[in-house]
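# Analysis of the macromolecular model
For reference, the chains in residue letters:
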Amino acid sequence: MGHEFRDYSRESCPTVKNILLLDSEGKRVAVKYYSDDWQAHAAKLAFEKSVFTKTLKTNARSEAEITMFDGYIVVYKFIHDLHFFVTAGDDENELILASVLQGFTESVALLLRNDVEKRTALENLDLILLCIDEIVDGGIILETDPNNIAGKVATNAVDGAVPFSEQTISQALATAREHLARSLLK
Amino acid sequence: MAQPMLKKDDDRDDEVDYHPFFGIEKGAVLQEARVFNDPQIDPRRCSQVITKVLYILNQGDTLTQIEGTEVFFSVTKLFQSKDPGLRRMMYLMIKELSPSAGEVIMVTSSLMKDMNSKTDMYRANAIRVLSRIIDGTILAQIERYLKQAIVDKNPVVASAALVSGIHLLQTSPEVVKRWSNEVQEAVQSRASLVQFHALALLYQIRQHDRLAVTKLVTSLTKGSVRSPLAQCLLIRYASQVIRESGANQAGERPHFDYLESCLRHKAEMVILEAARAITELSGVTSRELTPAITVLQLFLSSSKPVLRFAAVRTLNKVAMTHPLAVTNCNIDMESLISDSNRSIATLAITTLLKTGNESSVDRLMKQITNFMADIADEFKIVVVDAIRSLCLKFPLKYRSLMNFLSNILREEGGFEYKKAIVDSIVTLIRDIPEAKEIGLFHLCEFIEDCEFTYLSTQILHLMGNEGPRTSDPSKYIRYVYNRVILENATVRAAAVSTLAKFGALVDSLKPRIFVLLRRCLFDSDDEVRDRATLYLKVLGGEAVVGETEKETNEFLFGSFDIPLVNLEASLKNYEPSETPFDISSVPREVRSQPLAEKKAAGKKPTGPAGPTSGPVVSAIDAYEKSLSSIPEFAAFGKLFKSSAPVELTEAETEYAVSVVKHIYDGHVILQFNCSNTIPEQLLENVTVLIDASEAEDFAEVYTKPLRSLPYDSPGQTFVAFEKPDGVPAVGKFSNILKFIVKEVDPASGEVEEDGVEDEYQLEELEVTYADYMLKVPVSNFRNAWEGMDPESERVDEYGLGARESLAEAVNAVISILGMHPCEGTEVVANNSRSHTCLLSGVFIGNVKVLVRLSFGISGPKEVAMKLAVRSDDPDVSDRIHEIVASG
């Protein structure tokens, strides 16, 4: 995992430093770092522990929450036993980060068919990893629309008989509606 | 879509700890990875194994190089499979493995094929993978495809190419810069994210070309940008253009209308970006601020915590420079004190403390008291700091603020928090005379039940200094003596010293103090007993130190101004003998950290003999030793100071010369470290010819030539000057290196008989006032300041004209005076409008000097400075002013 990271200045482009998905005990489900701020494995774990304990007692269930420490802003949201975090430098636009977090949580919900919990997430870890891969590329925001993200991931679902190989979810829904309309017209 | 990864085991189903990857082990998974090599690829099984490997990597485990290579090669076999899901997992795997250059070649052709596939998903991902792993040569091969991809009608493909371009720009800028036309076309894309990525890349391609950036901003702000993310970028670029055109203050700012129009955008992230950009404009006026503050105020009452946080954070920053502009939001802000998000609450509180007026202080304090109980220590510290500055702003309110501080001091809290409170109270005691007694009283109460030895000793020390000067010193004795009875040895020893100070300074208390000190003679700790014995003997008159009472007190309680490191070093060097250790022999100069000498490649080090080659730490001793060994210099007395070496030649010249200035009471020795970098030459009889016509007070008395200077073997020549005794004479010297040069055959080393006289122009050299000042720290600046005769104080104000920044002005004054900055006051906080800097030093003639500098900066960067000097000798105080006035 020895990627070479480049920290882009805030001037040129909003940058995400990491995306974390932890369980209710702070253990990793899936994480991805885009910054050299934490090089050693231990440094990453220390950051995760710190962000987990700092946010543990907050109620980040209905609305995304935010905190700032050690020069970072972290936006986060909890769903069942899963804790979603997106981190950036403290000069970043909070609302841009919030849109990344929203893209993350909602696309995961779509992919897990609303069964957003640790066990399902682990059982479908491939989808979660692909999902993170579609949201941010090397720190640069790739996509924030949950439907587009889920659509791009779902085209790759392992199932051999993928029903909509090149379609996004919204397109798939549109075809579904067409089918439905025709059957009603009969 | 949500396919279970592994077969569920019904028995485990009910267990709480069921985990699909339970007991997973790297070795076993790598065994499983052999399925990749099967002739009949099972896509489902292979995807599962890849997921397992990714899981292991994600948990922080790593593959050895051999394991990595093995997995990589088997994964590449999977390109035979047409299964799109498996292909996608392969892409992920290849990126995670970050293959070596040799391995990359194995997959390049497969990935290039995918890049030209009919399937958009393949194309987009193959581009992203390739751009992550390739080097410049392969980039040249695929450049054509990437350029096409940028303008691809599929937005996913275009975005993949553009983002790859942003990454590649760092490594191969010259290639990516050729894509300018395509990127420009993509900026006009209808797809929102393509526009965003294209704009980001276009800006990065052009960012060093100011004119191009200005053009870009001017054309795009007219309204062709639809994507909110792209709009945020454009706001950043526009404010940069504004910043760079900042020089012409007159008239309207360019693009301000654009920023203002973004405040009405429908996306909140754009509104926030614009509002923040406006508040950060340099020299922003309140008229410009108003619309931005208005939208931020609306955000304050949003239901979304992120929005409230963003707004209050921005307003908090504005409050530092434009508190009045924010006062309109105070009511909304007050309701945020009870916000469940403590970051928001803390920011609201500190903003209110900055913007509040005198009449609102009491009400605010009541609200904060409720709030303090349930926030973390790190937030509490922020609040305490804000309260301290509030108190300094409204000194009349000290009573309620001091009360607040003493209340929170009594509550639970960690060391850092308690320290912040104690520091605040100490600051208030210092700066608000009325608050002194009440503050001391609160601190007395605190040490009755203080678990932190460090804080107890600090407070006891403060009480010893301040207590005897209060209206009723006797009431503190009880608190101090309680420490002697109840505390650990460190605190007991501090308490004994404090008692002794009361005894020494308040005659009426002396008999009572003696009784208490005598009890301490039976203490179980020897430091406590030693201190008690010393104080009893000296204060009781049994042992005599100095002639007057003042000298006695100076001996007992004076500040210890010798750097402890130096003392330690001297003590280590001391060998037991008839002569007792003499503390005055300990050097007072603070030695800078040993700096590794920076030598440009090819430039030879000045060699073992040159003092510059060793670490700076040993420099002064080495100088003293080597100089006193030269008979002509032995009579000059004690070396006062040696400067750091100053280069008199450019790097990479034929002869490298640097100079060290050695200052004595009545002499200055210039030591020239010379080095010859030409193998074909031998220099003989090297001297430096000095023209001192611009240094009137100096008279050359002696020159010590350097007999021979062979290649790569440095040596020194000295020139000594006489100057009036104890006077800090300054002047400029121009220097010429004179020598006889002889040809050398580098192969045989043979030297020709006849030499030619030659000379070499060196740069000018200056002796400045800073050369007569030793950087000597004091442990407690305030005590040292107050310990000096107020009569010696000289105060004056100076204008420093327009400076780059406050920090630059502060550093300039520090380096002119050559003094030691105390208590970290050389650091100027960002954006601060004023700064106080404390300096200490010893001036030639062993005159202790302390300086208080107060700086202020006005809008157009005009800096003004107030300089207050105290010293052992009022004439020296005047001299410091002369230095500044002439510097």
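Source: prediction; values computed, not measured. (Residues numbered from 1 in each chain as written. Chains lettered and ligands numbered in written order. Predicted model: local features only at pLDDT ≥ 70, side-chain atom pairs only at ≥ 80, totals over all residues. Heavy atoms only, no water.)

All names here are of chain B. One ladder, built from 10 bridges, connects strand S15 (residues 834-843) with strand S16 (residues 847-857); its direction is antiparallel. Bridge assignment links leucine 839 to a residue of S16, and that residue is valine 851. Connecting S15 to the antiparallel partner S16 that follows it, the hairpin turn spans three residues, and glycine 845 within it adopts a positive phi of roughly 95°. Bridging between S16 and strand S17 (residues 862-871) involves nine bridges; their strand directions are antiparallel. Residue pairing in the sheet places isoleucine 857 in a bridge with valine 863 of S17. (Pairing = 2+ DSSP bridges. Helix = DSSP H or I, 4+ residues; strand = E, 2+ residues; numbered from the N terminus.)

Here we come to the confidence of the model for chain B. Interpretation of the predicted coordinates at a detailed level should be avoided for regions scoring low in pLDDT. All names here are of chain B. Per-residue pLDDT for chain B has a mean of 83; in total, 91% of the residues score no lower than 70. Confidence, expressed as mean pLDDT per element, reaches its minimum in chain B at helix H31 (residues 549-557) with 70 and its maximum at helix H15 (residues 268-279) with 95. Scored below 50 in pLDDT, residues 6-15 shows 10 contacts in the model against residues more than four places distant or in partner chains. Across residues 591-618 the pLDDT falls below 50, and counting only partners more than four positions away or on other chains, this stretch makes 39 contacts in the model. Interface predicted TM-score (ipTM) for the complex: 0.84; the corresponding pTM is 0.62. (pLDDT = per-residue confidence, 0-100. Contact = heavy atoms within 4.5 Å.)

Another aspect to go through is the sheet that holds strand S1 (residues 18-23) of chain A. Residue and element names in this part refer to chain A. Strand order in the open sheet formed by five strands is S2-S1-S5-S4-S3, with antiparallel pairing between adjacent strands. Because the sheet does not close on itself, it has two edges, and the strands there are strand S2 (28-33) and strand S3 (65-69). For this sheet, the mean inter-axis angle between neighbouring strands, taken without regard to orientation, is 20°. Bridge analysis of strand S4 (residues 72-79) against strand S5 (residues 82-89) gives eight bridges, and the strand direction is antiparallel. Residue pairing across strands places isoleucine 79 opposite leucine 82, the latter belonging to S5. Against the sheet, helix H1 (residues 41-55) touches S1, S2, S3, S4 and S5, its axis set at about 115° to S2. (Axes fitted to C-alpha atoms, helices over the stretch in contact; angles between N-to-C directions.)

This next bit is on helix H32 (residues 564-573) of chain B. Residues and elements named next belong to chain B. Considered for burial, the residues of H32 that qualify are Asn566, Leu567 and Ser570. Considered in projection along H32, the buried side chains sweep an arc of 100° and stay on one side of the axis. Turned more than 90 degrees away from the buried face of H32, the exposed residues are Leu564, Val565 and Lys572. (Buried < 20%, exposed > 50% of the residue type's maximum accessible area, 1.4 Å probe, protein only. Arc of directions from axis to C-beta.)

With that out of the way, let us pick up a negative patch on the surface. Taken together, Glu680(B), Glu743(B), Asp745(B), Glu750(B), Glu752(B), Glu753(B) and Asp754(B) make up a surface patch of like negative charges. Residue position: Glu753(B) is located in the loop between strand S9 (731-743) and strand S10 (756-761). (Patch = residues over 30% accessible without salt bridge, like charges linked within 9 Å, V, L, I, M, F, W, Y side chains within 5 Å. Areas by Shrake-Rupley, 256 points an atom, 1.4 Å probe, with all protein chains shown as cover. Salt bridge = Lys/Arg side-chain N within 4 Å of Asp/Glu carboxyl O. Lys, Arg positive; Asp, Glu negative; His and termini not counted. Charge placed at Lys NZ, Arg CZ, Asp CG, Glu CD.)

A separate point is the interface of chain B and chain A. Taken together, the contacts link 71 residues of chain B with 66 residues of chain A. On inspection of chain B and its partner chain A, the count reaches 11 salt bridges. Note that Arg132(B) is salt-bridged to Asp137(A), the shortest N-O span being 4.0 Å. For the pair chain B and chain A, the interface holds 19 residue pairs in polar contact (both at pLDDT 80 or more). (Polar contact = N/O pair within 3.5 Å; in protein donor to acceptor, adjacent residues only side chain to side chain.)

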